[in-house]
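Coordinate inspection notes
Listed here are the chains, written in short residue letters.
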Amino acid sequence: QVVLMESGGGLVQPGGSMSLSCTASGTVHRLYAMGWYRQALGKQRELVASITFADIIKYGDFTMGRFAISRDSVGNTVILQMYNLQPDDTAVYYCNAEEATDAMYWGQGTQVTVSS
């Protein structure tokens, strides 16, 4: 089992920046990738960014260079840096971890609200 602990989130003004962090614990040696998804009210959950333990990175199309994902040297913490945030970025952001067997784990979610 893997447990994901998220930190960060909250209220930010349009054009502002924010960082989210997620640390995995438990059977982390089985993990293949970690990342972030988001779900806005009334919309489907979508990929924000993911990074494999071979440092292969994917970004959602909407990120357009405004988001950056990285992981620490140990590998069980991923950080999502978000820049030039807009009201459309308002959503619950979920940390995700995936095993090579396709088993997936989710964090509890953290609210990001972009508003003046």
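What you are looking at is a predicted structure, and each value in this text was computed from that prediction instead of being measured.

Cut-offs and rules
- Residues numbered from 1 in each chain as written.
- Predicted model: local features only at pLDDT ≥ 70, side-chain atom pairs only at ≥ 80, totals over all residues.
- Heavy atoms only, no water.
- Phe/Tyr/Trp six-rings, centres within 6.5 Å; stacked < 30°, edge-to-face > 60°.
- Buried < 20%, exposed > 50% of the residue type's maximum accessible area, 1.4 Å probe, protein only.
- Lys NZ or Arg CZ within 6 Å of the ring centre and 35° of its normal.
- Core = buried A, V, L, I, M, F, W, Y, C linked by side-chain atoms within 4.5 Å.
- Helix = DSSP H or I, 4+ residues; strand = E, 2+ residues; numbered from the N terminus.
- Contact = heavy atoms within 4.5 Å.
- 1 Å grid on protein atoms, 1.4 Å probe; cavity = no way out; pocket = protein on both sides within 12 Å on 5 of 7 lines; lining within 4 Å.
- Points joined across faces, edges and corners; volume = space filled by probe spheres on them.
- Nonpolar A, V, L, I, M, F, W, Y, C, P; charged D, E, K, R; others polar.
- Salt bridge = Lys/Arg side-chain N within 4 Å of Asp/Glu carboxyl O.

**A closer look at the packing of aromatic side chains**
Applying the stated criterion across every chain yields a total of 2 aromatic pairs. Here the aromatic rings of F62 and F67 are separated by 5.8 Å at their centres, their planes lie at 85 degrees, and the arrangement is edge-to-face. Given the relative accessible area of 17%, F62 is considered buried. By relative accessible area, which is 4% here, F67 ends up buried. Geometry around F62 places R38 over its ring, the cationic atom sitting 3.6 Å from the centre. The cationic tip of R71 hangs over the ring face of F53; the distance from NZ or CZ to the ring centre is 5.1 Å.

**Section: the nonpolar core**
One finds L4, M34, W36, L80, M82 and Y93 to be the most contacted residues of the largest nonpolar core, which totals 28 residues. Listing elements by their share of this core, those giving two or more residues are β1 (2–7), β3 (18–26), β4 (31–39), β5 (46–52), β7 (67–71), β8 (77–82), β9 (91–99) and β11 (110–114). Beyond its immediate stretch of four places on either side in the chain, L4 contacts C22, T23, A24, M34, C95, N96, A97, Y105, W106, G107 and Q108.

**Side note on the layout of surface pockets**
Of the voids in this model, the largest pocket is the one considered here, and its volume is about 190 Å³. Elements that contribute at least two residues to the lining of the largest pocket include exactly β4, β5 and β9. It is β4 that contributes the most residues to the lining of the largest pocket, 5 residues altogether. For the lining of the largest pocket, a count of residues per class yields 6 nonpolar, 4 polar and 2 charged.

**Remarks on the pattern of salt bridges**
Throughout the structure, instances matching the rule amount to 4 salt bridges. D89 is the partner of R38 in a salt bridge, and the nearest nitrogen-oxygen pair spans 2.9 Å. Here D89 lies in the loop between β8 and β9 and R38 lies in strand β4, a separation of 51 residues in the sequence. The class of D89 is buried, set by a relative accessible area of 2%. As a salt-bridge pair, R66 and D89 come within 2.8 Å of each other at their nearest N and O atoms. You can see R66 sitting in the loop between β6 (57–59) and β7 and its partner D89 sitting in the loop between β8 and β9, a full 23 residues away along the chain. Residues R66 and D89 agree in their burial class; the two are buried. Among the charged side chains, a salt-bridge network with shared partners connects R38, E46, R66 and D89.

That is the geometry; function is a separate question.
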